[in-house]
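Remarks on the overall topology
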Amino acid sequence: MERGSTRRGVAALSAAGAAAVLMMTAAPAQAHPHMWIDARATVVFDAQGRLAAVREHWQFDEMFGTYATQGLKKQADGSFSPEILRGMADDWMKALGEPISHYFTRVTVREAMQTYGPPRDARVTWEKGRLALSFELPLATPAKVGPDGVQIDIYDPTYFVAYAFDAPGAITMAQAPAGCKQRYQKPRELDWQTMQQLAAIPADPEALPDELYAITKGLTHRIEVTCS
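Read on for an overview of the structure. (Residues numbered from 1 in each chain as written. Predicted model: local features only at pLDDT ≥ 70, side-chain atom pairs only at ≥ 80, totals over all residues. Heavy atoms only, no water.)

**Focus on the overall build of the chain**
- Check the secondary structure of the chain and you find six helices and eleven strands.
- Counting only residues that meet the buried cut, the chain has 50% of its 228 residues in that class.
- In the chain, the share of contacts with a sequence separation of at least 24, taken over all contacts with a separation of at least 6, comes to 75%.
- Split by element, the accessible area of the chain, about 11200 Å² in all, is 53% carbon and sulfur. (Helix = DSSP H or I, 4+ residues; strand = E, 2+ residues; numbered from the N terminus. Buried < 20%, exposed > 50% of the residue type's maximum accessible area, 1.4 Å probe, protein only. Contact = heavy atoms within 4.5 Å. Areas by Shrake-Rupley, 256 points an atom, 1.4 Å probe, with all protein chains shown as cover.)

Spelled out as structure tokens, the structure:
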């Protein structure tokens, strides 16, 4: 994924991209990152015991939820209609599906990056004051998982979006054959000097200097799955 992935992908995470524009212009002094996501992921196997899909759930921070829903009509109880939420899900998935952004998710089997079929079950929900996006990414070709394993990386290399998999059970497997195990590896922690440098950068995913981009593109949340 290159720098342009965030400009196109994150810009989609609003009704017609308005939220990301507001975030970039309203608070230029904010530190990277500018969007926080509490995430969950499920590694899904098929009936033949092959890796078939990655199911994800992204819960956005409250500020992004405010921006993304600004101007949208609420129902009498303060909620948004199913039609509005469905439209948001369709718009976001269409933009996030551009090849260069690849849903901020990379699946690698025997060092070969996998491609996806059309995403399934995409929906936007409103959970205790926070927007959430759920979807499933089916592999174009289900992959056999062996002892050499599969790597699933979820990240934004420009560090405009920061993910967290901190909730209990945030990483799970579904229909996994006996003998399959998963291991989650957190991104390495940034040192204080790098954090201070990031804090001085405007809210623009393409504003990262090359030396910082070389660091942040390695801040990946990795799920490793092996089957014996």
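**Some remarks on the nonpolar core**
- Ranked by size, the top nonpolar core spans 45 residues in total, and within it Trp58, Phe60, Trp92, Val107, Leu133 and Tyr163 carry the most contacts.
- Apart from residues lying up to four places away in sequence, leucine 133 is in contact with Glu56, His57, Trp58, Phe60, Trp92, Met93, Leu96, Arg123 and Val124. (Core = buried A, V, L, I, M, F, W, Y, C linked by side-chain atoms within 4.5 Å.)

**Side note on the pattern of salt bridges**
- Counting across every chain of the model gives seven salt bridges.
- Ionic pairing is found between arginine 120 and glutamate 136, a salt bridge with its closest N-O pair at 2.5 Å. Highlighted residues: arginine 120 in strand β5 (residues 120-127) and glutamate 136 in strand β6 (residues 130-143), separated in sequence by 16 residues.
- One salt bridge connects arginine 183 with glutamate 224, and the closest N-O pair in it is separated by 2.8 Å. In this pair, arginine 183 sits in strand β10 (residues 180-185) while glutamate 224 sits in strand β11 (residues 221-227), placing the two residues 41 residues apart along the sequence.
- When its relative accessible area of 44% is taken as the criterion, arginine 183 is described as partly exposed.
- By sharing partners, the salt bridges in this structure join Arg55, Arg120 and Glu136 into a single network. (Salt bridge = Lys/Arg side-chain N within 4 Å of Asp/Glu carboxyl O.)

**Some words on the state of the cysteines**
- If you walk through the whole model with that rule in mind, you get one disulfide.
- The residue that forms a disulfide with cysteine 180 is cysteine 227, at a sulfur-sulfur distance of 1.9 Å. In this structure, the disulfide formed by cysteine 180 and cysteine 227 twists by about 110° around the S-S bond and is classed as right-handed. Here cysteine 180 is found in strand β10, whereas its partner cysteine 227 is found in strand β11, with 47 residues between them in sequence.
- Under the relative-accessibility criterion, cysteine 180 is labelled buried at 12%. (Disulfide = S-S within 2.5 Å.)

All we've got here are geometric facts, nothing functional implied.
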